[in-house]
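# Commentary on secondary and tertiary structure
What follows is each chain in one-letter form.
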2 protein chains.
Amino acid sequence: MSDKMITLSQNDIPKAWYNVVADMPTIPDPPLNPGTGQPIGPEDLAPLFPMGLILQEVSQDRWTDIPEEILKLYAMWRPSPLFRATRLEEKLGTPAKIYYKYEGGSPAGSHKPNTAVAQAYYNKEEGVRRLATETGAGQWGSALSMACSFFGLECTVYMVKVSYHQKPYRRSMMQAWGGQVIPSPSDQTNAGRGILEKDPDSPGSLGIAISEAVEDAATHDDTKYSLGSVLNHVLMHQTVIGLEVKKQLEIAGDKPSLLIGACGGGSNFAGLVFPFMPEKMAGEDIRFLAVEPTSCPTLTKGKYAYDFGDTAQMTPIIPMYTLGHDFVPPGIHAGGLRYHGEAALVSILHRDGIVDAVAYTQNPVFEAALMFARTEGILAAPESAHAVKAAVDEAVRCKEEGKEEVIVFNLSGHGLLDLTAYDAYLAGELEDYTYPDEKIAESLKNLPQF
Amino acid sequence: MSDKMITLSQNDIPKAWYNVVADMPTIPDPPLNPGTGQPIGPEDLAPLFPMGLILQEVSQDRWTDIPEEILKLYAMWRPSPLFRATRLEEKLGTPAKIYYKYEGGSPAGSHKPNTAVAQAYYNKEEGVRRLATETGAGQWGSALSMACSFFGLECTVYMVKVSYHQKPYRRSMMQAWGGQVIPSPSDQTNAGRGILEKDPDSPGSLGIAISEAVEDAATHDDTKYSLGSVLNHVLMHQTVIGLEVKKQLEIAGDKPSLLIGACGGGSNFAGLVFPFMPEKMAGEDIRFLAVEPTSCPTLTKGKYAYDFGDTAQMTPIIPMYTLGHDFVPPGIHAGGLRYHGEAALVSILHRDGIVDAVAYTQNPVFEAALMFARTEGILAAPESAHAVKAAVDEAVRCKEEGKEEVIVFNLSGHGLLDLTAYDAYLAGELEDYTYPDEKIAESLKNLPQF
């Protein structure tokens with residue numbers, strides 16, 4: 001029988017991260033200081049990040065060696081398996097081959113630990129004692145809590161208050177790994193106190209939580225800030241995903257025609273796709289497809305412009321696809337896809353026509369996820385389910401066109417802590433919401449001006 | 001660096017299950033018909049099980065070929081990784097090597113799918129349309145729901161009512177895979193209605209749920225019953241675990257001195273340990289250690305005797321270690337270890353001095369599990385955490401004795417759906433309960449008499 005699971009051995013864990021900047025046709029314009037409007041330098045980032053990560057953020061080198069200690073930690077869940085979705089192919093009757101890279105086998109259940117352990121390592125190296133971060137649904141906060149526990153760092157997670165109460169299991173995970181979880185807005189920061197004064201019952205938001213974590217790091221000498229997506233160095237850490245996929249497809253004897261990833265901040269998408277940029281640039285016929293929700297259609301409906309990374313306008317101004325920093329996405333189940341912006345690297349690749357994008361409403365996404373669960377077993381995270389849906393649609397297209405394409409998607413996490421989403425779908429309670437064009441136009445009026 | 005994760009390829013999935021009966025010094029006496037007290041034959045089991053599984057239940061053959069279709073499904077999560085617990089070893093400062101076989105990577109999060117897909121296969125082969133089963137915490141019910149979805153079988157799960165309400169995520173998993181979940185006691189069976197008449201607010205119990213599932217199967221021609229542990233064929237299906245471990249230890253260049261598994265019904269313990277029986281019988285120095293909770297101390301405090309498998313006295317009478325079929329274990333967090341009896345095969349091996357046993361209270365178990373999570377990353381299921389605790393204790397003993405033993409334990413599942421247990425531990429709310437000897441003596445007075 002053909003191989004269902006393509007495994008690699010520990011020696012096959014990539015020894016270096018890949019930096020797509022080395023192979024892109026256009027390099028993004030630099031981030032700007034929100035106060036001066038001038039390009040930021042390393043010194044602007046130093047209060048928030050250790051120099052090891054800042055250098056990676058601005059690096060144009062194609063490869064960065066992965067330190068031995070990080071490789072040792074990667075070996076706890078890497079190399080991750082590449083699966084052939086044979087039973088899904090049969091179900092669809094498609095001539096396409098469908099592969100999925102499964103990142104849900106990490107202890108935290110997603111791809112997030114790939115960058116969490118790297119970030120914890122570089123902070124530890126430079127004597128940092130504590131990391132502060134924000135988390136919405138909790139995927140990132142739990143990955144960073146785990147990584148900090150490995151290095152003996154303290155970890156403070158500002159968790160959006162409504163999620164803190166609605167997702168007690170995610171909070172438990174962080175606490176089990178020793179993380180301190182603070183419902184945000186909190187009375188620990190000026191930003192939080194300001195919000196609470198106006199609205200003591202504020203449910204919080206990712207924007208507020210970011211402000212609290214950034215303030216915490218900026219006001220404590222022994223503390224730095226950590227971000228789970230969007231930034232160049234975060235995307236680079238995730239390239240171990242695609243680098244492994246290359247080896248695994250070689251073993252399977254296949255070349256990819258289409259690479260698919262769900263896209264929120266961009267890290268799981270970039271992790272799979274970026275390592276194939278040299279082939280794409282050399283003219284090979286590979287499509288890159290980013291998948292997002294219609295309720296937060298950054299790439300499909302947003303504007304490529306300089307914008308703030310957060311609602312409180314504290315972060316650098318970044319050139320990216322954005323729905324406007326005032327954009328408030330509705331409470332869909334794919335919490336990881338609710339960001340108003342998009343990584344600068346993914347954004348410019350979309351602008352340049354190298355990355356395609358598609359958006360779906362919730363019900364078709366969960367319909368596909370359920371078909372996937374009943375054929376392939378795995379219950380996908382709501383975010384990853386967007387990639388499942390796109391893969392199914394593309395496989396159906398291949399059937400209609402009689403094409404034997406090789407489709408690869410990133411199953412970036414399992415959904416075992418998001419099962420209420422499946423409940424809501426089965427109960428017919430999910431809304432198929434599309435964010436209206438007028439409201440996006442309204443929100444885009446507030447972009448920073450120069 | 002030495003290997004952290006020892007992977008195998010798809011070709012290494014065992015092609016045959018191992019039957020320990022072929023190598024045991026004593027074979028257990030036969031199960032008895034609860035009505036007649038006579039040894040049961042295949043015809044007694046036919047209303048509940050397909051003949052393919054009944055033949056496995058009574059088989060004395062050393063090897064049973066695994067059908068190709070089951071191998072294909074195994075490839076969805078097998079071979080599972082064997083990890084070297086390097087960071088735990090460092091933390092303990094032990095000269096021992098600690099390995100753990102990780103079964104939590106299956107889509108259902110535990111080892112249970114190894115037998116679930118096999119049972120679904122043999123039922124499907126014989127034209128069965130629906131399977132009925134019981135579940136407590138939900139591990140088994142979710143594994144069987146998934147397996148049934150692969151074969152287009154219907155699945156009815158009687159779930160202990162208190163768990164149905166307390167563990168909504170497990171219920172969601174079963175429903176996502178198409179399982180019908182019925183809180184037990186229910187009005188669907190005579191057994192359930194009888195209980196509800198006496199106590200409309202009954203929280204249910206595993207004993208009641210078994211009675212409902214057995215009655216459902218026995219009274220419907222197109223329906224069979226399915227059990228997730230205890231029976232010979234179930235333990236045999238799980239031997240893929242230990243057979244893979246043998247290959248993986250060979251790759252690592254190590255021979256095991258000690259094999260450890262948590263023991264409820266016995267299936268994850270047997271799955272790891274049984275394949276090493278030939279070496280043990282040949283005189284190699286290997287210890288087999290079963291771990292149980294002091295609140296349900298079947299092997300350490302129970303009696304080897306014929307007893308019923310359920311409280312309602314509907315199942316065959318089995319020779320086993322038992323605390324008495326009236327035994328009501330307290331509500332500890334390791335729900336999978338709350339069975340009053342023990343697999344006949346594990347029982348007689350313990351009686352014959354081939355399997356050792358140890359019991360722990362809850363707090364030391366979760367203390368060890370937390371140390372494990374913060375060094376090795378994985379949050380263990382409460383059941384598996386018992387094996388973690390024993391491995392830690394044995395590694396500490398090795399340190400004291402200066403011995404370089406090779407300790408291997410079965411990490412049979414992750415605890416991502418059991419995080420309230422970790423919460424309770426961190427909050428200091430776990431009780432260190434030891435079931436009193438007098439109460440056990442009392443419960444043992446009601447063993448069936450001949």
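The structure we're discussing is the one just above.
A brief look at the structure comes next. Being a predicted model, the structure only gives us computed values, none of them experimental.

## Considerations on the interface of chain A and chain B
In this assembly, 49 residues from chain A lie in contact with 48 residues from chain B. Buried area between chain A and chain B, both sides added, is near 4,100 Å², and the carbon and sulfur share of it is 60%. Connecting chain A to chain B are 0 salt bridges. Counting the contacts that link chain A with chain B gives 18 residue pairs in polar contact (both at pLDDT 80 or more). Where the side of chain A that touches chain B is concerned, the elements lending two or more residues are α3 (68–74), α6 (139–151), α8 (168–176), α17 (362–376) and α19 (419–426) of chain A. Partitioning the side of chain A that touches chain B into residue classes produces 26 nonpolar, 12 polar and 11 charged.

## Quick look at the sheet that holds strand β9 (residues 223–225) of chain B
Residue and element names in this part refer to chain B. Spatial strand order, β8-β7-β6-β9: 4 strands in an open sheet with parallel pairing. The sheet terminates laterally at β8 (180–184) and β9, the two strands that pair on one side only. The sheet shows a mean angle of 25° between the axes of neighbouring strands, direction not considered. Across 3 bridges, strand β6 (residues 130–135) lies against β9 in parallel orientation. Within β9, the position partnered with L131 by the bridge is K224.

## Some thoughts on the pattern of salt bridges
Residue and element names in this part refer to chain A. Here the structure, examined in full by the defined rule, presents 50 salt bridges over all chains. Notably, a salt bridge pairs E394 with R397, separated by 2.8 Å at the nearest N-O pair. Residue E394 and its partner R397 are located together in helix α18 (residues 382–401), separated by 3 residues, close to a single helical turn. A relative accessible area of 11% means that E394 is categorised as buried.

## A look at the relation of the copies chain A and chain B
The two copies are related by a screw motion: chain A maps onto chain B through a turn of 180° and a shift of 0.0 Å along the axis, at an RMSD of 0.0 Å. Such a turn and shift between the copies fits a two-fold axis. No C-alpha of chain A lies nearer the rotation axis than that of G105 of chain A, which sits 3.0 Å from it. Of all interface residues in chain A, 98% are interface residues in chain B too; the two copies therefore contact each other through one and the same surface.

## A look at helix α18 (residues 382–401) of chain B
The terminal C-alpha atoms of α18 of chain B lie 29 Å apart, and with 20 residues this matches the ideal 28 Å at 1.5 Å per residue to within 8%. Immediately downstream of α18 of chain B, the backbone of G402 of chain B shows phi near 65°, a positive value.

## A closer look at the sheet that holds strand β11 (residues 287–293) of chain A
All names here are of chain A. With respect to topology, 7 strands assemble into an open sheet ordered β1-β4-β5-β15-β10-β11-β14, the strand pairing being mixed. Each having just a single partner strand, β1 (5–6) and β14 (356–360) make up the two edges of the open sheet. Direction of pairing for strand β5 (residues 97–102) relative to strand β15 (residues 406–411): parallel, over a ladder of 6 bridges. Note on β15: the bridge partner recorded for Y100 is F409. Strands β5, β10 (258–262), β11, β14 and β15 of the sheet are contacted by α18, whose axis makes an angle of about 170° with β15.

## Focus on the environment of W177 of chain B
Of note, W177 of chain B is situated in the loop between α8 (168–176) and β8. For W177 of chain B and D418 of chain B, which are 241 residues apart along the polypeptide, the C-alpha to C-alpha distance reads 20 Å. Those residues in contact with W177 of chain B that sit more than four places away from it in its chain are A373, R374, G377 and L379 of chain A together with P107, A108, S142, S145, M146 and S149 of chain B. In this structure the side chain of W177 of chain B is engaged in a polar contact, spanning 3.2 Å, whose partner is the backbone oxygen of A373 of chain A. Of note is the side chain of W177 of chain B, whose polar atom sits 2.9 Å from the backbone oxygen of G377 of chain A.

About the criteria used
Residue positions within a chain follow its written sequence, with the count starting from 1. Key to labels: chains lettered from A, ligands numbered from 1, both in the order written. Given that the model is predicted, a residue must reach a pLDDT of at least 70 before its local features are reported, and side-chain atom pairs must reach 80 or more before they are shown or counted; all residues, however, enter totals for whole chains, interfaces and linings. Excluding hydrogens and water, the side-chain figures rest on all heavy atoms present in the structure. The contact definition used throughout considers only heavy atoms, calling two residues in contact when any of these lie within 4.5 Å. Here's the idea: put two parts together, see how much 1.4 Å probe accessible area each one loses, and the total over both is what we call buried area. For this document, the term salt bridge refers to a Lys or Arg side-chain nitrogen within 4 Å of an Asp or Glu carboxyl oxygen. Polar contact is the term for a pair of N or O atoms within 3.5 Å; when the atoms are in protein, one must be able to donate a hydrogen and the other to accept it, and sequence-neighboring residues count only if both atoms are side-chain atoms. Note on conventions: DSSP H or I runs of at least 4 residues are helices, E runs of at least 2 residues are strands, and numbering of each starts at the N terminus. Residues are sorted three ways: Asp, Glu, Lys and Arg are charged, Ala, Val, Leu, Ile, Met, Phe, Trp, Tyr, Cys and Pro are nonpolar, and all the rest, Gly among them, are polar. At least two bridges found by DSSP between two strands are what make those strands a pair. What counts as an axis is a line fitted to C-alpha atoms, over the stretch in contact for a helix, and the angles between N-to-C directions run from 0 to 180 degrees. Partly exposed describes any residue whose relative accessible area lies between the buried limit of under 20% and the exposed limit of over 50%, with all areas from a 1.4 Å probe on protein chains only and scaled to the type maximum. Here the copies were fitted onto each other by least squares, based on C-alpha atoms from residues at pLDDT of at least 70 in both. Expected helix span is taken as 1.5 Å per residue step, with the number of steps being one fewer than the number of residues.

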